[in-house]
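Report on the structure
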Amino acid sequence: MTPVVVSCGALALHVRQIAARRGWDVEVRPVPPELHNRPERIRAAVDEAAAGDDVVVAYAHCGADLDGYPRLAGAHCYEVYGAEHEPGTFFLTDFLVRSFDRVVWRGLGLDRHPELRDEYFRHYARVVWLAQQRTPAMEQAAEHAAGMLGLPLEVVDVGESGLEAQMERLVA
């Protein structure tokens, strides 16, 4: 039987790439990454994607009650990639770099009310991009995201080893 991974949409691409690289025959069922803005809805989306099958979940805690499901360790995917909570830091993953305008800017309504940016991000001092697959295009997109927030960018090359180790624990 093929193992099933219900994955946060922000991690699904990386989960698939890791599985292909490792030769794991897994079915990945992503759920919308925008649920991070509404964590109380994550459990229902995971239950629906699981569809009664035995699954593992490629989600950290993320503010959701995922009791009963084997899942990634940590409070957030940032910890999966090796970062620790740092007050005043807005973290970006590769997914958030690629989808910043849609998920963050429009997702928070800043396209309609840009005056709210300074209110939303007043306690942030920097943006840290946890780069899984660093390219010049991604660097440019990360600079754009930090610039939109009016914050300096720091880049930390993390790769996928943290996620890969946790997926191995779940899938093996």
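Residues numbered from 1 in each chain as written. Predicted model: local features only at pLDDT ≥ 70, side-chain atom pairs only at ≥ 80, totals over all residues. Heavy atoms only, no water.

**Description of the sheet that holds strand β6 (residues 153–157)**
This is how it is decided: DSSP-based pairing: two strands are paired if at least 2 bridges between them are found. Only DSSP runs of H or I covering at least 4 residues are called helices, and only runs of E covering at least 2 are called strands; the numbering of each starts at the N terminus. Here an angle of 0 to 180 degrees is reported between the N-to-C directions of two axes, which are lines fitted to C-alpha atoms, with helices fitted over the stretch in contact.
Across the sheet, 3 strands lie side by side as β4-β5-β6; this open sheet has parallel pairing. The open sheet is flanked by β4 (89–92) and β6, the only strands paired with a single partner. If you compare each strand with its neighbour and ignore which way they point, the axes differ by 25° on average. Relative to strand β5 (residues 126–131), β4 is paired through 4 bridges, and the arrangement is parallel. Its bridge partner being in β5, threonine 89 is matched across the sheet by arginine 126.

**Brief notes about the confidence of the model for the protein**
Condition: Confidence per residue, as judged by the predictor, is encoded in pLDDT with a range of 0 to 100.
For the protein, mean pLDDT is 94; residues scoring 70 or higher make up 100% of the total. When pLDDT is averaged over each element of the protein, helix α6 (residues 136–149) comes out on top at 98 and helix α3 (residues 77–80) at the bottom at 88.

**Brief notes about the pairing of β6**
Using the following cut-off: If you view a crossover with the strands going away from you and the path from the first strand over the helix to the second runs clockwise, you call it right-handed.
Bridge count between β5 and β6: 5 bridges; the pairing is parallel. Counted as the bridge partner of valine 127 is leucine 153 from β6. Between β5 and its parallel partner β6, the chain crosses via α6, and the hand of that crossover is right-handed.

**Some points on the packing of helix α1 (residues 9–22) against helix α4 (residues 94–106)**
Helix packing geometry: the angle between the two helix axes and the distance between the axes. Rules: Should an angle fall under 35 degrees it is taken as roughly parallel, and over 145 as roughly antiparallel, whereas 65 to 115 is taken as roughly perpendicular and any remaining angle as oblique. Each crossing gets its hand from how the near helix is turned against the far one by less than a right angle, where anticlockwise is left-handed and clockwise is right-handed. Here, two residues are considered to be in contact whenever any of their heavy atoms come within 4.5 Å of each other. In this classification, Asp, Glu, Lys and Arg are treated as charged, Ala, Val, Leu, Ile, Met, Phe, Trp, Tyr, Cys and Pro as nonpolar, and every other residue, Gly included, as polar.
Two numbers describe how α1 lies on α4: the axes approach to 9 Å, and their chain directions differ by 130°. Judged by the inter-axis angle, α1 sits oblique to α4. Seen along the crossing, α1 lies across α4 with a hand that is right-handed. Here α1 contributes Gly9, Ala10, Leu13 and His14 to the contact with α4, which in turn contributes Asp94, Phe95 and Arg98. Its residues placed into classes, the contact of α1 with α4 shows 3 nonpolar, 2 polar and 2 charged.

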